[in-house]
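Chain by chain, the residues run as shown.
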Amino acid sequence: MDPVSMPELMRFIEVTSLYLSQSRYDIDGFLSKRPGSHTIGELYDSKRFHPRLDLFTAIAEEAPVDPEEDPDYHRGLAAREEFRRAILNLMASERLDAIVYPNSQVLPPTRQELDDWKWTVLTFPTNALIAAQADLPSICLPAGFAEGDVPVGFELVGKPYGEAELLKLAYAYEKAASPRKPPASTPPLPDEPR
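Residues numbered from 1 in each chain as written. Predicted model: local features only at pLDDT ≥ 70, side-chain atom pairs only at ≥ 80, totals over all residues. Heavy atoms only, no water.

1. Describing the pattern of salt bridges
Part 1 of the argument: A full pass over the atoms with the stated rule returns 11 salt bridges.
Part 2 of the argument: Among the ionic pairs, R11 bridges to E8, the shortest N-O distance being 2.7 Å.
Part 3 of the argument: Its relative accessible area of 40% is what places E8 among the partly exposed residues.
Part 4 of the argument: Across the pair R11 and E82 runs a salt bridge whose closest N-O atoms are separated by 3.3 Å. (Salt bridge = Lys/Arg side-chain N within 4 Å of Asp/Glu carboxyl O. Buried < 20%, exposed > 50% of the residue type's maximum accessible area, 1.4 Å probe, protein only.)

Structure below.
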C-alpha cells in the first residue's frame with residue numbers, strides 16, 4: 001500500500017452531498033409505485049416513523065419535492081464529476097488499482113453516544129460516502145477488530161466499471177487475511193465445527 005492524500009477531500013464531500021436535494025423526490029417516486037403508497041410528507045405528518053430518524057426528519061422538513069427546485073442541485077452534480085476526476089487523476093498519477101480507507105473515522109457509536117445524540121446521520125464522521133458521491137464502484141471489507149472486539153472495516157474504491165477488479169482484490173485480501181470471526185454470543189451453525 002502506498003499512502004496518498006487528497007487535499008480537497010472535505011470540500012468535495014460537502015459540495016457533492018445531495019441527500020437532502022434528491023432523497024424526497026427519489027423516495028416519493030419509489031413509494032408511489034407501491035400499494036397503499038404514501039409520500040414523505042404524509043408519513044411525516046402522521047408521525048409514522050421513529051423519532052430518532054433524524055435524516056428522515058431533515059428530508060421531510062427541508063428537502064424540496066423536486067431536486068430542480070434546489071439552486072445548489074446542479075452545482076452539486078457538476079462537483080460530483082469534478083470529484084470523480086480528482087480521484088481518478090490521483091489513482092492515475094500514483095499508478096493505483098484502487099484506493100483504500102477506513103469505512104468510518106471513528107469506532108461505531110455506543111448506545112450512550114446514540115442516546116446523547118453525539119452524531120446525527122448527516123454529521124457522523126463516515127467515509128462511506130466518498131465513492132457514492134464520486135459515482136465510483138466500491139466494496140467494503142472487514143479489517144479486523146479494535147479494542148473491545150469492535151469490528152472495523154475498510155472500503156476499496158476502484159475505477160469506473162472496475163467492479164470485477166475490486167472483487168478480485170477483495171477476494172484475494174479476504175483469503176490472505178481471514179479477518180472475520182463470529183461474535184462470542186453467536187452459536188455455531190449446525191455444520192460448523194465448535
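2. Remarks on helix α8 (residues 163-177)
Part 1 of the argument: Taking 1.5 Å of rise per residue, 15 residues should cover 21 Å, and α8 covers 21 Å from first to last C-alpha, within 8% of that figure.
Part 2 of the argument: Downstream of α8 by a residue or two, S178 has a phi angle that is positive, lying close to 45°. (Helix = DSSP H or I, 4+ residues; strand = E, 2+ residues; numbered from the N terminus. Expected span 1.5 Å × (residues − 1).)

3. Here we look at the environment of W117
Part 1 of the argument: Turning to its location among the elements, W117 is positioned in the loop between α6 (111-115) and α7 (129-133).
Part 2 of the argument: Residue class for W117 comes out partly exposed when judged on its relative accessible area of 38%.
Part 3 of the argument: Separated by 63 residues in sequence, W117 and D54 have C-alpha atoms that sit 9.9 Å apart.

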